[in-house]
Amino acid sequence: MSKADIRIQKARAQAGQMRVMGAVLIPMLAAAIGLPLIGEVYLVSFEPAPWAVEVGAPSAVLIKLLSYAPAMAAAAAVVMLQPALVEYHEGRFVSDKASAAFQLAGIWALAAFFLKLLVAPLVISLLGGAPFTWRFDPLDIALMVFAASVMMIGGVLDAAVAALKAENDQIV
């Protein structure tokens, strides 16, 4: 077996391990976000705090949903990477499906960034929740770098797919 074949087998095995890890961790991620959200929605609906009584039950529920929206979008970004891992595990390292998965994951991560930084705090303040404050922390920078990197990888893969297709079309 050549060095290239060994590297390919190793990459496929790592992608398979990441698929399994994702299959285990994604439900845990959903539970880590979903269960507290369900609890908080229940509390503002049936045992409201004074602030929830003041803004009303529908607004209080919407405020809780908006406060969890960035985490849900970030979790969606992680889920969107699964098709790329499937492609890699099956040995298709340069494919339209993997490129699209990376680009979609980047868009969801970017959405999480803007939801956390601007949209959720602004809408929550408009609904009568906490006053608008613009908080920017190191995690926001990491989320933005992740989003940009994943979108860039998707773009590079897309260009590689197009170049390979053009080369194959020229040969044929």
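Thresholds applied
- Residues numbered from 1 in each chain as written.
- Predicted model: local features only at pLDDT ≥ 70, side-chain atom pairs only at ≥ 80, totals over all residues.
- Heavy atoms only, no water.
- Helix = DSSP H or I, 4+ residues; strand = E, 2+ residues; numbered from the N terminus.
- Phe/Tyr/Trp six-rings, centres within 6.5 Å; stacked < 30°, edge-to-face > 60°.
- Buried < 20%, exposed > 50% of the residue type's maximum accessible area, 1.4 Å probe, protein only.
- Expected span 1.5 Å × (residues − 1).
- Bend = angle between axes of the 7 residues up to and from the residue.
- Contact = heavy atoms within 4.5 Å.
- 1 Å grid on protein atoms, 1.4 Å probe; cavity = no way out; pocket = protein on both sides within 12 Å on 5 of 7 lines; lining within 4 Å.
- Points joined across faces, edges and corners; volume = space filled by probe spheres on them.
- Nonpolar A, V, L, I, M, F, W, Y, C, P; charged D, E, K, R; others polar.
- Axes fitted to C-alpha atoms, helices over the stretch in contact; angles between N-to-C directions.
- Parallel < 35°, antiparallel > 145°, perpendicular 65-115°, else oblique.
- Left-handed = near helix turned anticlockwise from the far one by under 90°.
- Salt bridge = Lys/Arg side-chain N within 4 Å of Asp/Glu carboxyl O.

## Section: the environment of Ala160
Then, number 1: Mapped onto the elements of the fold, Ala160 is located in helix α6 (residues 138-171).
Then, number 2: Taking the C-alpha atoms as reference, Ala160 lies 8.5 Å from Ser95; in sequence the two are 65 residues apart.

## Thoughts on the packing of aromatic side chains
Then, number 1: Under the defined criterion, the tally for this structure stands at four aromatic pairs.
Then, number 2: Between Tyr88 and Phe102 the ring centres are 6.3 Å apart and the planes differ by 35 degrees, which places this aromatic pair in the tilted class. Taken together, the residues span a long stretch of sequence, with Tyr88 in helix α4 (residues 82-89) and Phe102 in helix α5 (residues 96-126) at a distance of 14 residues.
Then, number 3: The exposure class assigned to Tyr88 is buried, which follows from its relative accessible area of 16%.
Then, number 4: Among the aromatic residues, those joined into a cluster by ring pairs are Tyr88, Phe93 and Phe102.

## Side note on helix α1 (residues 3-46)
Then, number 1: Here α1 spans 63 Å end to end across 44 residues, near enough to the 64 Å set by a 1.5 Å rise per residue.
Then, number 2: Considering bend angle alone, the principal kink of α1 is centred on Leu25 and spans about 25 degrees; proline Pro27 follows within four residues of it.
Then, number 3: Those residues of α1 that fall on the buried side of the exposure criterion are Ala15, Gly16, Gly22, Ile33, Leu37 and Val44.
Then, number 4: Where α1 is buried, its residues touch α2 (50-55), α3 (57-80) and α4.

## A look at the layout of surface pockets
Then, number 1: Roughly 430 Å³ of internal volume is contained in the largest pocket.
Then, number 2: Considering the residues around the largest pocket, the lining is formed by 20 residues, among which Ser67, Ala120, Pro121, Ile124 and Arg135 are closest to the centre.
Then, number 3: Partitioned by chemical class, the residues of the lining of the largest pocket number twelve nonpolar, four polar and four charged.

## Describing the packing of α1 against α4
Then, number 1: Following both chains from N to C, one finds α1 and α4 inclined at 150 degrees, their axes separated by 8 Å at the closest point. By the angle between their directions, the pair α1 and α4 is classed as roughly antiparallel. Handedness of the crossing formed by α1 with α4: left-handed. For the pair formed by α1 and α4, the contact residues are Arg12, Ala15, Gly16, Met18, Arg19, Gly22 and Ile26 on the first element and Gln82, Leu85, Val86, Tyr88 and His89 on the second.
Then, number 2: In terms of residue class, the contact of α1 with α4 is made up of six nonpolar, four polar and two charged.

## Some words on the pattern of salt bridges
Then, number 1: Counted by the stated rule, this structure contains six salt bridges.
Then, number 2: With a shortest N-O distance of 3.5 Å, Lys116 and Asp137 are connected by a salt bridge. On the criterion of sequence distance, the pair formed by Lys116 in helix α5 and Asp137 in the loop between α5 and α6 is long-range, its members being 21 residues apart.
Then, number 3: On the basis of relative accessibility, which here comes to 30%, the residue Asp137 falls in the partly exposed class.

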